Amino acid sequence: MIILTGAKGFIGKNFLKEINEEVIEVEKEDAFKFISGFNKWDKVSLILHQGAISSTVEKDIRTLHHNNVAFTLFLFERAIQYGIPVKYASSASVYGNQTKKLKVINPLNYYAITKLQIDYFVQDNLDKFSSIQGFRYFNVYGEGEDHKGDQASPISKFTKQIKETGKLKLFKGSDKFLRDFVYVDDVVNIVLNNEAPSGIYDLGTGSPISFQEVAELVVQKEKGEIEYIDFPEHLKGKYQTYTCADNEFDYKFKTVQEYLMSNW
């Protein structure tokens, strides 16, 4: 059996569609109750840990630590104890303000810090796991994001805005905001089917495009228009302006252009 955390989330649901064996679904509201009550660890073939509080503007440090760090460490301790392979979601947010010439660890928000804490724990204890892979997801998009609200990818958010109002809202200067957008099916395929050794990996296309280009592609498809808005004060200093994965897998990723064209 497979333990899947975050199964009700956008990425978790896509994993659930591809798994062909028994799945134990764990959500954050039941996480610690599950850890204390579950007694079939010797039957678990994989821990697929996707659950977390993922808001980059969340400021409740205690809640973030409780859900993103403490629970993860309890889960990983069981993995070590019972020799269970682990595949878990980290985040490209740990890189902070990456540039085209330089990518360093520089988290800009509390969410990113919690992801980095787990990555550091894994790096320090790599040899204790039977197998563990962490994946620093870049900007994941695809079908099924509607429930995410403001946390949805711009591809989904822009499309929804145009369908509802005829316009999409875009920050001024978005031609200078570039992100590495990776299709959710590609994420699922790589995580479930790669043969890489234990370690922490970037998971993105390695080919970032600007928010401006994404907006123009969506406008072209949906026949709407762009409304430019001021950059929000609360995001200043906490907003990644450029992300680009090291492409560590021999894989043909779907591009945003291909995705939008295939759904034309």
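Throughout what follows, the structure given in this document is the object of discussion. (Residues numbered from 1 in each chain as written. Predicted model: local features only at pLDDT ≥ 70, side-chain atom pairs only at ≥ 80, totals over all residues. Heavy atoms only, no water.)

**Here's the deal with helix H4 (residues 110-124)**
Okay, so step 1: Helix length check: H4, at 15 residues, gives a terminal C-alpha distance of 21 Å against a target of 21 Å (1.5 Å per residue), a fit within 8%.
Okay, so step 2: Residues of H4 that are buried include every one of Tyr 111, Ala 112, Thr 114, Lys 115, Leu 116, Ile 118, Asp 119 and Val 122, and no others.
Okay, so step 3: Contacts made by the buried residues of H4 are with helix H3 (61-82), strand E4 (86-91), strand E5 (132-137) and strand E10 (199-203).
Okay, so step 4: Residue Asn 109 occupies the N-cap position of H4, its side-chain oxygen lying 3.3 Å from the main-chain nitrogen of Tyr 111. (Helix = DSSP H or I, 4+ residues; strand = E, 2+ residues; numbered from the N terminus. Expected span 1.5 Å × (residues − 1). Buried < 20%, exposed > 50% of the residue type's maximum accessible area, 1.4 Å probe, protein only. Contact = heavy atoms within 4.5 Å. Polar contact = N/O pair within 3.5 Å; in protein donor to acceptor, adjacent residues only side chain to side chain.)

**Side note on the packing of helix H5 (residues 154-165) against helix H7 (residues 211-222)**
Okay, so step 1: Between H5 and H7, the least distance of the axes is 10 Å, while the angle of their chain directions is 40 degrees. It follows that H5 is oblique to H7 by the angle criterion. Of the two elements, H5 crosses H7, and the hand of that crossing is right-handed. Side by side, H5 and H7 meet where Pro 154, Ile 155, Phe 158, Thr 159, Ile 162 and Lys 163 of the first sit next to Phe 211, Val 214, Ala 215, Val 218, Val 219 and Glu 222 of the second. (Axes fitted to C-alpha atoms, helices over the stretch in contact; angles between N-to-C directions. Parallel < 35°, antiparallel > 145°, perpendicular 65-115°, else oblique. Left-handed = near helix turned anticlockwise from the far one by under 90°.)

**A short note on the packing of helix H1 (residues 10-18) against helix H6 (residues 184-193)**
Okay, so step 1: One can describe the packing of H1 onto H6 by two numbers: an axis separation of 10 Å at closest approach and a directional angle of 60 degrees. With respect to each other, H1 and H6 are oriented oblique. Viewed along their axes, H1 and H6 form a crossing whose handedness is right-handed. Residues Phe 10, Ile 11, Asn 14, Phe 15 and Glu 18 of H1 form the contact with H6, whose own contacting residues are Val 184, Asp 185, Val 188, Val 191 and Leu 192.
Okay, so step 2: A breakdown of the residues in the contact of H1 with H6 according to their chemical character gives seven nonpolar, one polar and two charged. (Nonpolar A, V, L, I, M, F, W, Y, C, P; charged D, E, K, R; others polar.)

**Here's the deal with the sheet that holds E4**
Pairing between sheet strands relies on hydrogen bonds along the backbone, with the strands arranged either parallel or antiparallel.
Okay, so step 1: As summarised here, the arrangement of the six strands in space is E2-E1-E3-E4-E5-E10, forming an open sheet in which the pairing is parallel. Two strands in the sheet have a free side with no partner beyond their single neighbour: strand E2 (23-26) and E10. Each strand of the sheet is rotated relative to its neighbour by a mean of 20 degrees, with strand direction disregarded.
Okay, so step 2: Across the sheet, H3 lies against strand E1 (2-5), E2, strand E3 (46-49), E4 and E5, angled at about 165 degrees from E3, the strand it touches most. (Pairing = 2+ DSSP bridges.)

**Observations concerning unusual backbone geometry**
Okay, so step 1: Unusually for a residue other than glycine, Lys 223 sits at a positive phi of about 60 degrees.
Okay, so step 2: Here Lys 223 is to be found in the loop between H7 and strand E12 (225-229).

**Here's the deal with the packing of aromatic side chains**
Okay, so step 1: Taken as a whole, this structure holds 19 aromatic pairs when the rule is applied.
Okay, so step 2: Centroid distance Tyr 141 to Tyr 259: 5.1 Å. Interplanar angle 75 degrees. Geometry classified as edge-to-face. Of the two residues, Tyr 141 is situated in strand E6 (residues 139-141) and Tyr 259 in helix H8 (residues 256-262); the sequence distance between them amounts to 118 residues. An identical accessibility class is assigned to Tyr 141 and Tyr 259; each is buried.
Okay, so step 3: Taking the centre distance of 5.3 Å and the plane angle of 45 degrees together, the rings of Tyr 183 and Tyr 259 count as tilted. Of the two residues, Tyr 183 sits in strand E9 (residues 181-183) while Tyr 259 sits in helix H8, which places them 76 residues apart along the sequence. (Phe/Tyr/Trp six-rings, centres within 6.5 Å; stacked < 30°, edge-to-face > 60°.)

**Digging into the nonpolar core**
Okay, so step 1: Tyr 137 and Leu 203 are the most contacted members of the largest nonpolar core, which has 46 residues in total.
Okay, so step 2: At six residues, H7 tops the list of elements feeding residues into this core.
Okay, so step 3: Counting residues in each nonpolar core, the second largest holds 24 residues, with Ile 24, Trp 41, Val 69 and Tyr 88 among its members. (Core = buried A, V, L, I, M, F, W, Y, C linked by side-chain atoms within 4.5 Å.)

**Points about a nonpolar patch on the surface**
Okay, so step 1: A cluster of nonpolar side chains, contributed by Ile 61, Tyr 110 and Ile 113, occupies part of the molecular surface with about 260 Å² of accessible area.
Okay, so step 2: Inspection of the secondary structure puts Ile 61 in helix H3. (Patch = residues over 30% accessible without salt bridge, like charges linked within 9 Å, V, L, I, M, F, W, Y side chains within 5 Å. Areas by Shrake-Rupley, 256 points an atom, 1.4 Å probe, with all protein chains shown as cover. Salt bridge = Lys/Arg side-chain N within 4 Å of Asp/Glu carboxyl O.)

**Quick look at the pairing of E1**
Okay, so step 1: A two-sided burial pattern is seen for E1, the buried positions comprising Ile 2 and Leu 4 on one face and Ile 3 and Thr 5 on the other.
Okay, so step 2: Two strands pair when backbone bridges link them, and E1 and E2 are joined in this way by four bridges, in the parallel orientation. Bridge pairing in E2 places Ile 3 opposite Ile 24.
Okay, so step 3: In this fold, the crossover linking E1 to E2 by way of H1 has right-handed handedness.
Okay, so step 4: Pairing of E1 with E3, which is carried by four bridges, proceeds in the parallel orientation. Bridging across to E3, Leu 4 finds its partner in Leu 48. (Right-handed = clockwise from strand over helix to strand, strands pointing away.)

By themselves, these are just geometric observations and shouldn't be taken as functional.
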